[in-house]
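Reading the structure
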Amino acid sequence: MTRDFQSSSTYGDAKLSKLKPSTGNGLGSSRRLLSRLRDVMAEGGQAQKRLDRIVTLIATDIVAEVCSIYLLRAGEVLELFATEGLKSEAVHNTRLRIGEGLIGTIAAQATALTLSEAQNHPAFAYRPETGEEIFHSMMGVPIMHSGRVVGVLAVQNQTQRHYTEEELETLETVAMVLAELVSGGELVPKKELQTVDGIAVLPMRLDGTRLSEGVGMGQVVLHRVELVLHNLVAEDPEAELERLHDAVADMHGALDNMLESNLIRDGEHRDVLETYRLIAEDAGWLNKISDAIKSGLKAEAAVQKIQTETRLRMNQISDPYLKERVQDFEDLANRLLQHLMGETPADVADELPDHVVLVAKSMGPAELMDYDTDKLRALVLEEGSPTSHVAIVARALDIPVLGRVKSLMKKVEPLDTVVVDGDNNQIFVRPSDDIIQAFKQTLEARAEKKAGYLQLKGLPTQTLDGQEIDLFLNAGLLIDLQHLEESDADGVGLYRTEIPFMARSELPDVDDQTQLYEKIYSQSGNRPVVFRTLDAGGDKVLPYWESAGEENPALGWRAIRLTLDRPAILRQQIRALVLASAGRELQIMFPMIAEVQEFIAARRLVEMEVARSIERGEILPSLVKVGAMLEVPSLLFQMPQLLKEVDFLSIGSNDLIQFLFACDRGNPSLASRYDSLSGPVLTVLRDVLKQCNKAQVPVSLCGEMGGRPIDAMALVGIGFTRISMSPPALGPVKTMIRSLELTPLKDFMENLYTDSSHSVREKLRSFALDHNVVI
């Protein structure tokens, strides 16, 4: 069983005196245990002696034969610092590397483990000096301080004990208290755990931000552009202008060849590169370089001068999207310099290792394409954001990307072995053999599972007792649609139309949009597609739209609020959708609806555009359905009125849960504080489903919740029969559904709606294990 990264600090600085006593078997009162721990920690004397007393205290209270504390030492090594139940000579002698054994796995993944038969776990590593061979069950949690792992707390029993959720929560709370003692510097010197600046030969783990999910492993290739200019003053400005003209023509030709590459198929990543190509033709940029040459500079010096001025000007802009565009100009300036100096972007394919992890401060999209993408296993950046052009292209090529890794270029050397865990926002530099082996097994398991999912094609998506479930795809790129066929999805439940708007340098007109939507229809075959209208504004900045600079963009001028205030944009998009869907069913969905009148106003624009097409004698859609996304909690109190107006409803679980808990899901400190599998969320979803069924209005759910097998199992148990998810989730969710018997699950869930626990996730996981549901 695993928990999210910050599970050990779910309740932050909650007062210990207010924590409820555990109801777990054998634990007694967690309040009593915490009170005793507090007394021991308040005592004077050596920290080691207090730690020895603490493990005895925990073991006694939890009724465990063993309690052990491992602390992190320099070099990513976990050392046994105190134990009750293992051999005393193992203390300060038993050491495990991060990722080695069960203890190392808990630390590497910052997750909890509860195992009734620990020795059967593939990560189990036997240490004979500990005498632990007689113990079967184990429960372990990470000890965390300031967001990083500083140790592991574990208990063991000789019997095959099934630890309860309450017992796990108590141990996590104890670990939170222990972090105070561990971080004090008496046990492990603080300097020993400080991040080392510069190159270090020891293994290290670095945190970042996921820009493209996935796992990759390979050797570091540093991407650096180092051009040295000489003789900056021009002797013949006219000759320099001619050199500039020739270099620009060569650069344009190279970019055109790149666009003709087989890798650059239709899709928004092609839009990105075409936009990049248009930037290369920007008259203002080229004119500034020409003016600098006329002032007496050589062509290379003129390009560098304008590059520096552009960088300084763009760095003063707060708009996140426009700040990302500075990298496009950096890339173009470097390319132009290379063409001027006769050092065109080198074909480095022969020099690359077979498995490349590309490391850079930042990159432009064309720079990524200079590398042999068949060898690229991951990309790691010191900068970058999900809207950066290089991230969009990498996602289309299925390359994991981690961004915002601080001081990365100073901490790695060429050909260092690196593991990039994009799913968990971390990178392992010079990892131990155990971590490498663990991730190799992960990659092999992923490949095996993926092959197994392909075998499900053509098989019905239904439970063991015959309930059919429709699984749809969430998409935002044309390349996503290739998964429709291979995954056997029933259609596209959510097509995010804003990405083409964000990838272009100007607002796409009706013709451009119509061509895109026609391609979407063509690639989706006869499967239905639900188009979500433009969800821009707030944090999704359009490059040609001045940002309002809102303090809380998630609650600001965005989505339907923006497009109703600028109806011409929404009408043009609807017009393009009507034209593209000629003879086919058109399903349009409006985001961020907060009141029924907003939906009525938006639907009226659809009716106006259909009437316009009738007047012009254009081919109409065979049927038009207009729906709303349920993301704003205010709609929960307007359901009867709303259901009279909509043709269908789609629950946007990401925003709805965020707004229900008043919790910014983009804030790392709150990422795991509230759970989608909790009584309040399940009750809201059940009540919405009941009202939709009564009104005979089709309802689906799209969002991250639908793509997690255990969450999807809960949705099916509530009664949902239409779920939309990202392409990689379709196989795992279909596998889960085909192993599930629905009737026992529905009966089991009746007691969960009123459950006041922080989460019912582990109860659902236990149900799945007991009933052989594959999650």
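Predicted model, so just to flag it, every value in this text is computed and none were measured. (Residues numbered from 1 in each chain as written. Predicted model: local features only at pLDDT ≥ 70, side-chain atom pairs only at ≥ 80, totals over all residues. Heavy atoms only, no water.)

What follows concerns the overall build of the chain. Counting its regular elements, the chain contains 27 helices and 22 strands. For the chain, buried positions account for 54% of its 775 residues. Within the chain, counting contacts between residues at least 6 apart in sequence, those at least 24 apart form 68% of the total. Carbon and sulfur atoms provide 48% of the accessible area of the chain, an area that totals close to 33900 Å². (Helix = DSSP H or I, 4+ residues; strand = E, 2+ residues; numbered from the N terminus. Buried < 20%, exposed > 50% of the residue type's maximum accessible area, 1.4 Å probe, protein only. Contact = heavy atoms within 4.5 Å. Areas by Shrake-Rupley, 256 points an atom, 1.4 Å probe, with all protein chains shown as cover.)

For the rest of this paragraph, the subject is the environment of serine 756. The topology assignment puts serine 756 in the loop between helix H26 (742-749) and helix H27 (761-770). Measuring from C-alpha to C-alpha, the distance between serine 756 and glycine 679 comes to 6.4 Å, with 77 residues separating the pair along the chain.

A separate point is the sheet that holds strand E16 (residues 492-496). Here we have 8 strands rolled up into a closed barrel, ordered E15-E16-E17-E18-E19-E20-E21-E22, and parallel in their pairing. The average undirected angle you get between the axes of adjacent strands in this sheet is 25°. As paired elements, strand E15 (residues 470-475) and E16 share 3 bridges and run parallel to each other. Note that in E16 the partner of alanine 475 across the bridge is tyrosine 495. Each of E16, strand E17 (529-532) and strand E18 (585-590) touches helix H17 (residues 510-524); the most contacted strand, E17, lies at about 155° to it. (Pairing = 2+ DSSP bridges. Axes fitted to C-alpha atoms, helices over the stretch in contact; angles between N-to-C directions.)

If you trace the 6 strands from one edge of the open sheet to the other, you get E3-E2-E1-E6-E5-E4, paired in antiparallel fashion. At either end of the open sheet lies a strand with only one pairing partner, and these are strand E3 (95-97) and strand E4 (113-115). Sheet twist, expressed as the average angle between the axes of neighbouring strands with direction ignored, equals 25°. Inspection of the sheet shows strand E1 (residues 66-73) paired to strand E2 (residues 77-84) by 7 bridges, in the antiparallel sense. By the bridge assignment, arginine 73 is partnered in E2 with valine 77. The strands touched by helix H4 (residues 165-182) are E1, E4, strand E5 (137-145) and strand E6 (148-157); relative to E5, the strand with the most contacts, the crossing angle is about 40°.

What follows concerns H4. Under the 1.5 Å per step criterion, the end-to-end length of H4 is 25 Å for 18 residues, consistent within 8% with the ideal 26 Å. With 14 of 18 residues buried, H4 lies mostly within the body of the structure. (Expected span 1.5 Å × (residues − 1).)

Sheet topology note: the E15/strand E22 (residues 722-725) ladder contains 4 bridges and is parallel. Looking at the pairing, leucine 473 lines up with methionine 725 of E22. The pairing of strand E21 (residues 699-702) with E22 spans 2 bridges and is classified as parallel. Following the sheet pairing, leucine 701 is matched in E22 by isoleucine 723. Between the parallel pair E21 and E22, the chain is carried across by helix H24 (residues 709-718), and the sense of this crossover is right-handed. (Right-handed = clockwise from strand over helix to strand, strands pointing away.)

Attention shifts here to the packing of aromatic side chains. Scanning the entire structure with this criterion turns up 6 aromatic pairs. Between phenylalanine 661 and tyrosine 674, the aromatic rings sit 4.7 Å apart at their centres with planes inclined by 5°, giving stacked as the arrangement. Taken as a pair, phenylalanine 661 in the loop between helix H22 (653-660) and helix H23 (679-695) and tyrosine 674 in the loop between H22 and H23 lie far apart in primary sequence, 13 residues in all. Its relative accessible area of 37% is what places tyrosine 674 among the partly exposed residues. A cation over an aromatic ring shows up here: arginine 686 above the ring of tyrosine 753, its NZ or CZ 4.4 Å from the ring centre. (Phe/Tyr/Trp six-rings, centres within 6.5 Å; stacked < 30°, edge-to-face > 60°. Lys NZ or Arg CZ within 6 Å of the ring centre and 35° of its normal.)

What follows is about the nonpolar core. Counting 95 residues, the largest nonpolar core has Phe590, Leu682, Met713 and Leu764 as its most contacted members. Dropping the residues within four chain positions of it, leucine 764 is found in contact with Leu677, Ile710, Met713, Ala714, Leu745, Phe748, Met749 and Leu752. (Core = buried A, V, L, I, M, F, W, Y, C linked by side-chain atoms within 4.5 Å.)

Our focus in this paragraph is the packing of H24 against helix H25 (residues 730-738). Orientation of H24 relative to H25, taken along the N-to-C sense of each, is 50°, at an axis distance of 9 Å. Relative to H25, H24 is oriented oblique. Crossing geometry of H24 relative to H25 is assigned as right-handed. Residues Pro709, Ala712 and Met713 of H24 pack against Pro732, Val733 and Met736 of H25. Each residue belonging to the contact of H24 with H25 can be placed in one class, and the counts come to 6 nonpolar, no polar and no charged. (Parallel < 35°, antiparallel > 145°, perpendicular 65-115°, else oblique. Left-handed = near helix turned anticlockwise from the far one by under 90°. Nonpolar A, V, L, I, M, F, W, Y, C, P; charged D, E, K, R; others polar.)

A word on the environment of valine 699. As for its placement among the helices and strands, valine 699 is situated in strand E21. Valine 699 sits in the buried class, given a relative accessible area of 6%. For valine 699 and isoleucine 651, which are 48 residues apart along the polypeptide, the C-alpha to C-alpha distance reads 7.5 Å.

What follows covers the packing of H26 against H27. Following both chains from N to C, one finds H26 and H27 inclined at 150°, their axes separated by 11 Å at the closest point. Relative to H27, the element H26 lies roughly antiparallel. Remark: the crossing between H26 and H27 carries right-handed chirality. Where H26 approaches H27, its residues Pro744, Leu745, Phe748 and Met749 are matched on the opposing element by Lys763, Leu764 and Phe767. Taken together, the residues that form the contact of H26 with H27 break down as 6 nonpolar, no polar and 1 charged.

A complete count under the given rule lists 26 salt bridges for this structure. With a closest N to O distance of 3.3 Å, lysine 457 and glutamate 485 form a salt bridge. You can see lysine 457 sitting in the loop between helix H14 (433-454) and E15 and its partner glutamate 485 sitting in helix H15 (residues 482-487), a full 28 residues away along the chain. When its relative accessible area of 41% is taken as the criterion, lysine 457 is described as partly exposed. (Salt bridge = Lys/Arg side-chain N within 4 Å of Asp/Glu carboxyl O.)

Residues of H26 that are buried include every one of Leu742, Leu745 and Met749, and no others. Projection of H26 onto a plane perpendicular to its axis shows the buried side chains occupying an angular sector of 60°, all on one side. Contacts made by the buried residues of H26 are with H23, H24 and H27. (Arc of directions from axis to C-beta.)

This part takes up unusual backbone geometry. Note: most residues except glycine have negative phi, and most peptide bonds are trans. Its identity is not glycine, yet histidine 92 carries a phi of approximately 65°, on the positive side. By the secondary structure assignment, histidine 92 is in the loop between E2 and E3. A residue is classified by how much of its surface remains accessible, and histidine 92, at 28% relative accessible area, is partly exposed. Unusually for a residue other than glycine, methionine 592 sits at a positive phi of about 60°. Judged by relative accessible area, methionine 592 falls into the buried class, the value being 1%.

Attention shifts here to the environment of arginine 603. Looking at the secondary structure, you find arginine 603 in helix H20 (residues 596-615). Taking the C-alpha atoms as reference, arginine 603 lies 9.1 Å from glutamate 645; in sequence the two are 42 residues apart. Not counting residues within four places of it along the chain, the set of residues in contact with arginine 603 comprises Phe590, Val626 and Glu645. A polar contact of 2.9 Å, which involves the side chain of arginine 603, links it to the side chain of glutamate 645. (Polar contact = N/O pair within 3.5 Å; in protein donor to acceptor, adjacent residues only side chain to side chain.)

With that out of the way, let us pick up the side chain of serine 650. Among the secondary structure elements, serine 650 is positioned in strand E20 (residues 648-652). Of note is the side chain of serine 650, whose polar atom sits 3.5 Å from the side chain of serine 700. Beyond its immediate chain neighbours, meaning those up to four positions away, serine 650 contacts Met589, Ala628, Met629, Leu630, Ser700 and Cys702.

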